[in-house]
2 protein chains.
Amino acid sequence: MEYFDARDFDLAGRIGRLKTGSGVIETPFLFPVVDPAKQTVSLEDIRSIGFNAIITNAYLMYSRMKGSVVDIHDFLKWRNPVMTDSGGYQILEYGDVDVDEDTIIEYQKRIGSDICVILDIPTGTHTARTQAEKYVFETIRRGWRALPRIMDSKQLWVLPVQGAPFKDLLEYSATISARLPYHIYSLGSPTVFLEKYSYDKIIEYTFITRSKLPYNKPLHVFGVGHPMIIPFLVAIGADTFDSASYILYARDGRFMFEWGTRSLNELFYLPCSCPVCSRFSVEELKEMNSRERIPLIAKHNLYVLSSEIRRVKQSIKEGRLWEYLEYRSKAHPSLKRAFNTVKKYVNYISRFCSLSQPLSLAILFLDRDSIHNPRIVATRMAVAENISRERVSRAILIPAIEKPFDQQRILRDVSSEYPGYRVLMYNPYLGLFPPELSSTYPYYQHETGLFEINTSVVEETVMTLLRMGVEEVVLVLPDDKVFRDFALNISRVLVDRGIKITIRESSSHV
Amino acid sequence: MEYFDARDFDLAGRIGRLKTGSGVIETPFLFPVVDPAKQTVSLEDIRSIGFNAIITNAYLMYSRMKGSVVDIHDFLKWRNPVMTDSGGYQILEYGDVDVDEDTIIEYQKRIGSDICVILDIPTGTHTARTQAEKYVFETIRRGWRALPRIMDSKQLWVLPVQGAPFKDLLEYSATISARLPYHIYSLGSPTVFLEKYSYDKIIEYTFITRSKLPYNKPLHVFGVGHPMIIPFLVAIGADTFDSASYILYARDGRFMFEWGTRSLNELFYLPCSCPVCSRFSVEELKEMNSRERIPLIAKHNLYVLSSEIRRVKQSIKEGRLWEYLEYRSKAHPSLKRAFNTVKKYVNYISRFCSLSQPLSLAILFLDRDSIHNPRIVATRMAVAENISRERVSRAILIPAIEKPFDQQRILRDVSSEYPGYRVLMYNPYLGLFPPELSSTYPYYQHETGLFEINTSVVEETVMTLLRMGVEEVVLVLPDDKVFRDFALNISRVLVDRGIKITIRESSSHV
């Protein structure tokens, strides 16, 4: 894509460059919503906190200015990229807007917006099924109809994908939308779910949308502005977000953190290193009048959003986005549910692992969830596929405990006693693999907090051995309880399948 | 204690006020090490980042000034509290110092330090056992001998507890030290373990020391200056820390984060919201010369340390320090090991639960580790103790799934069918409890990410029922798999003990 170019990948997320008429936006990115009529945080502040693009509402501007056209960059005194929304949110809130679909398209073109949205009809949460179907068809119809008007413009155009909360409708809508040559697709109005902390729902809708759309085009998610959820959405392929939450939360005295939300009244200390929290105390903020306090809390919220996006990008560069999600998932039960939803898509996500070139940073085994790390899953599957093509009747399985695995004394000692046996190594997280891989990624590059047994790895291991055609297996058992139980689980299933098992204790050799 | 006064408690940690001759220090606190001969970050900056007390080395000052006496507050131009170290670290590094124990005590008194340390002999890591014993005895002897000199002084005096890495020696040393009336005790020189990321070791040594010392006196831990480990040490009762790591790391271009360490060369983005990371980019920092860059990285490190301490204090106020440790433990395998070490001390920690008065904030069930949340452990134990005193031959056990538990339809429907049965509720995390408690803390105030079965809760539940003398149990089984498995585990053990079990499916009632 000449306007979107991604170079760093991890999971289904990426760092991209979105080229607009007023400059490049590095994604993942969040467009802060600005309203020139009541902007509490100055655009210079927004810029200096780390946001080089903003979004404003073209429909509100059109209404207030009675349709008269001004250059939006002049009007906002902002030379960087501007995205404009079209009034879809107002339709959701008030049922209708007093502008038609063609007019608002032309208006966005004439004011010189860089990224524009067609006037969609959001389905929202309280819409009946038949009504939602109508809105989806109407949004798609408008998407089709708008094409001649927008294809020659210098703007980037966004097509909202409606249908949520009806999943089949959303999937249908995304499938059809994928055929319309828009620059950017977006998941429409999930704000309502965010307010209820139903992060798992937003993740599900984002996944459904993303998986039906071309991966080389960016996906925008409307109305998502909390740092808690951003890494999870990036991991499944969301690229940009927009939100007014930084100021809406601030008006209620609420501080966003990447691990939760607290109102000023719940805070005794400001548990954050941002310039606002480093300079003021809770008492000082409480003593201020709201005209002083609200912009400070809004700036805190922007600082946290900005650093969270940097954190996500650094994690993508390091190839540790999965580890980052594991970590964040322990901050709050709602994030645990969010993470469990992401886990459902591991097979989809692991497809993208080959795109990423990690900095040879070690994979971290933090918890049971690390068994599902898509890098590990992809490695286990690829290696299982390779070795299951070997035709081997006798194998010896040696525990892979101490790195480098092929330097373990047990390997040298025991394997020489069994000439003609295929030597394989086993590990509760890494599964079954040949010793030859011991010094390659990730067999050498991982760090372990703990190991646990997961039945699916046991099953994978057994399946690989059966596909190889083994008839006799020598199983070397170490003292370590987890490895031992893992091996005994394997042995039990193999015995059931009629494989001859010989158990060898390794303790005399280590 | 007139000089130390703690009001907020959580786990074995607390927020305290340490009163010195130059003002109050709120604990937990970290004293940044300053060296007037080569101070890169100004004391005004240190103050404004949030540190109202510092530590400097009285021995180095004595050497450089050839013993001449100046007021240390004048000398440093610092009106706030000053702690001074005595040269123990130099003994560890260079084997000896050219000052005797009495002279350095008198010197610290005369320069007007607020918190002083006697000249101890650190054991360090490479000392042989017999040598370490000598150092421990000598440190204790010096502690005794110093008493007449220091008891009348206006300073607060610190007695270092030596003996690590020999645990029995450390325990002995702490037990004897507890009898010496010092204001503050300290764990000597664990820096060496920090450098190797052996957080589990430092936690173990801190616990051994803390558990032998009077709880109403503060415990200092020398040389701990990484935000990763601070919450874990606070949770087991450490109050203050000191470290030069903010500047030592900065000289190597290393950034501390609460989740890890990265050198500037490993960073593509600055994943932090502090004033330094919010203002500069990685490229800008790389282009600076080291004279500009080092103070900026040092300030970043101080900002992160300062906000981490605020985060820990906020967690103590909320009664959520355990949840915070669970969360942090997933940031890195070394923290997982640190957390597993803290878990070993849950029985000790849960003793302090009664001290804390949480803000009725919900307990978060984030993970399996939440089963060991000392608040939950203490509740389960107290309730088990109470109900096991009842003499009951027939009981009906009802799953506690939906809050409020006593409003569940299943409770009303089923319990009326069994008149004369003691109605009890069960839950894989909360154990066994009477429905009467359903609206009390924490039976109502908790939030669930997931449930899992832990055999120790199964055993506790069975034990309570047996102590009650039950002969017949009606077990109501819900559809939920985890609750069901939990109940079936209980049933299996009860059947083995000869208890008559009747299984009731609840699905027809829910």
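Residues numbered from 1 in each chain as written. Chains lettered and ligands numbered in written order. Predicted model: local features only at pLDDT ≥ 70, side-chain atom pairs only at ≥ 80, totals over all residues. Heavy atoms only, no water.

In the nomenclature of an unreviewed UniProt entry, chain A corresponds to tRNA-guanine(15) transglycosylase from the organism Staphylothermus marinus. Reading the Sequence similarities (unreviewed entry) entry of the UniProt record for chain A gives the comment "Belongs to the archaeosine tRNA-ribosyltransferase family." Here chain A is described in UniProt, under the heading Catalytic activity (unreviewed entry), as follows: "guanosine(15) in tRNA + 7-cyano-7-carbaguanine = 7-cyano-7-carbaguanosine(15) in tRNA + guanine". (UniProt positions renumbered as here; feature names shortened; annotations may be inferred.)

## Notes on the overall build of chain A
The helix and strand tally for chain A stands at 21 helices and 20 strands. Principal-axis analysis of the C-alpha atoms gives chain A an extent of 90 × 55 × 40 Å. Residues classed as buried in chain A amount to 64% of the 510 residues present. At a minimum sequence separation of 6, the contacts of chain A that also span at least 24 residues come to 72%. (Helix = DSSP H or I, 4+ residues; strand = E, 2+ residues; numbered from the N terminus. Buried < 20%, exposed > 50% of the residue type's maximum accessible area, 1.4 Å probe, protein only. Contact = heavy atoms within 4.5 Å.)

## Digging into the packing of aromatic side chains
Applying the stated criterion to the full structure yields 36 aromatic pairs over all chains. A centroid spacing of 5.8 Å and a plane angle of 50° characterise the contact between Phe405 of chain B and Phe433 of chain B, whose relative ring orientation is tilted. In this pair, Phe405 of chain B sits in the loop between strand E15 (394–399) and helix H19 (409–415) while Phe433 of chain B sits in strand E17 (residues 431–433), placing the two residues 28 residues apart along the sequence. Of the two residues, Phe405 of chain B and Phe433 of chain B, both sit in the buried class. Arg311 of chain A extends its terminal NZ or CZ atom over the ring of Trp259 of chain B, reaching a point 3.7 Å from the ring centre. Positioned over the ring face of Tyr444 of chain B is Lys403 of chain B, at 5.2 Å from the centre of the ring. (Phe/Tyr/Trp six-rings, centres within 6.5 Å; stacked < 30°, edge-to-face > 60°. Lys NZ or Arg CZ within 6 Å of the ring centre and 35° of its normal.)

## Concerning the environment of Pro165 of chain B
All names here are of chain B. Within the secondary structure layout, Pro165 lies in the loop between strand E8 (156–161) and helix H7 (167–177). On the basis of relative accessible area, Pro165 is assigned to the partly exposed category, the value being 24%. On a C-alpha basis, the gap between Pro165 and Thr125 in space is 6.3 Å, while along the polypeptide they are 40 residues apart.

## Here we look at H7 of chain B
Residues and elements named next belong to chain B. Those residues of H7 that fall on the buried side of the exposure criterion are Leu169, Leu170, Ser173, Ala174, Ile176 and Ser177. Seen end-on, H7 carries its buried residues on one side only, within an arc spanning 165°. Each element contacted by the buried residues of H7 is listed here: helix H6 (129–150), E8, strand E9 (184–187) and helix H9 (199–212). (Arc of directions from axis to C-beta.)

## Side note on the packing of helix H15 (residues 321–328) of chain B against helix H16 (residues 333–343) of chain B
All names here are of chain B. At their nearest, the axes of H15 and H16 sit 8 Å apart, and the two run at 145° to each other. Residue-level contacts link Trp322, Leu325, Glu326 and Arg328 of H15 to Leu335, Phe339, Val342 and Lys343 of H16. Taken together, the residues of the contact of H15 with H16 break down into five nonpolar, no polar and three charged. (Axes fitted to C-alpha atoms, helices over the stretch in contact; angles between N-to-C directions. Nonpolar A, V, L, I, M, F, W, Y, C, P; charged D, E, K, R; others polar.)

## Some details on the interface of chain A and chain B
Contacts between the two partners involve 47 residues from chain A and, on the opposite side, 47 residues from chain B. Both faces considered, chain A and chain B share a buried interface measuring about 4300 Å² in area, 54% of it formed by carbon and sulfur atoms. Of all residues in chain A, Tyr269, Tyr327 and Lys330 of chain A bury the most surface against chain B, accounting for 17% of the area lost on that side. A salt bridge links Lys330 of chain B to Asp367 of chain A; the nearest nitrogen and oxygen atoms lie 3.7 Å apart. Between the two partners, chain A and chain B, sit 22 residue pairs in polar contact (both at pLDDT 80 or more). When contributions to the side of chain A that touches chain B are tallied by element, the ones reaching two or more residues are helix H12 (275–279), helix H14 (290–318), helix H15 (321–328), helix H16 (333–343), strand E14 (363–365) and strand E18 (446–448) of chain A. At eight residues, the largest contribution of residues to the side of chain A that touches chain B is made by H14 of chain A. In the side of chain A that touches chain B, the residues fall into 20 nonpolar, eight polar and 19 charged. (Buried area = accessible area lost by both parts, 1.4 Å probe. Salt bridge = Lys/Arg side-chain N within 4 Å of Asp/Glu carboxyl O. Polar contact = N/O pair within 3.5 Å; in protein donor to acceptor, adjacent residues only side chain to side chain.)

## Structural notes on the domain arrangement of chain A
Residue and element names in this part refer to chain A. Considered domain by domain, chain A is made up of domain 1 (4–350) and domain 2 (363–509). Computed from C-alpha coordinates alone, the two centres of domain 1 and domain 2 are separated by 45 Å. Between domain 1 and domain 2, the residue contacts involve 14 residues of the former and twelve residues of the latter. Summed over both partners, the interface of domain 1 with domain 2 buries about 1200 Å², with 51% contributed by carbon and sulfur atoms. Of all residues in domain 1, Trp322, Glu323 and Glu326 bury the most surface against domain 2, accounting for 39% of the area lost on that side. Where domain 1 meets domain 2, there are five salt bridges. Across the pair Asp369 and Lys343 runs a salt bridge, and its minimum N-O distance is 2.7 Å. (Domains from an automatic or database assignment.)

## As for the side chain of Arg310 of chain B
Checked against the element boundaries, Arg310 of chain B lands in helix H14 (residues 290–318). Buried Arg310 of chain B, no salt bridge; nearest opposite-charge side chain is Glu26 of chain B, N-O distance 9.4 Å. At 3.5 Å, the side chain of Arg310 of chain B forms a polar contact with the backbone oxygen of Cys277 of chain A. Aside from chain neighbours lying at most four places away, what touches Arg310 of chain B is Tyr269, Leu270, Pro271, Cys272, Ser273, Cys277 and Ser278 of chain A together with Ile49 of chain B. (Lys, Arg positive; Asp, Glu negative; His and termini not counted.)

## Topic: the sheet that holds strand E20 (residues 500–505) of chain A
Residue and element names in this part refer to chain A. Across the sheet, five strands lie side by side as E17-E16-E15-E19-E20; this open sheet has mixed pairing. Only two strands of the sheet have a single neighbouring strand rather than two, namely strand E17 (431–433) and E20. Strand-to-strand twist in this sheet, taken as the mean axis angle between neighbours without regard to direction, amounts to 25°. Summarising the sheet, strand E16 (residues 422–427) and E17 pair through three bridges and their orientation is antiparallel. Along E17, the bridge assignment pairs Met425 with Phe433. Where helix H20 (residues 455–468) meets the sheet, its contacts fall on strand E15 (394–399), E16 and E17, and the angle it forms with E17 comes to roughly 35°. (Pairing = 2+ DSSP bridges.)

## Re the pattern of salt bridges
Residue and element names in this part refer to chain A. Tallying each qualifying case throughout the model produces 86 salt bridges over all chains. Between Glu417 and Arg504 there is a salt bridge whose closest N-O contact spans 2.4 Å. In this pair, Glu417 is assigned in the loop between helix H19 (409–415) and E16 and Arg504 in strand E20, connecting sequence segments 87 residues apart. A relative accessible area of 40% means that Glu417 is categorised as partly exposed.

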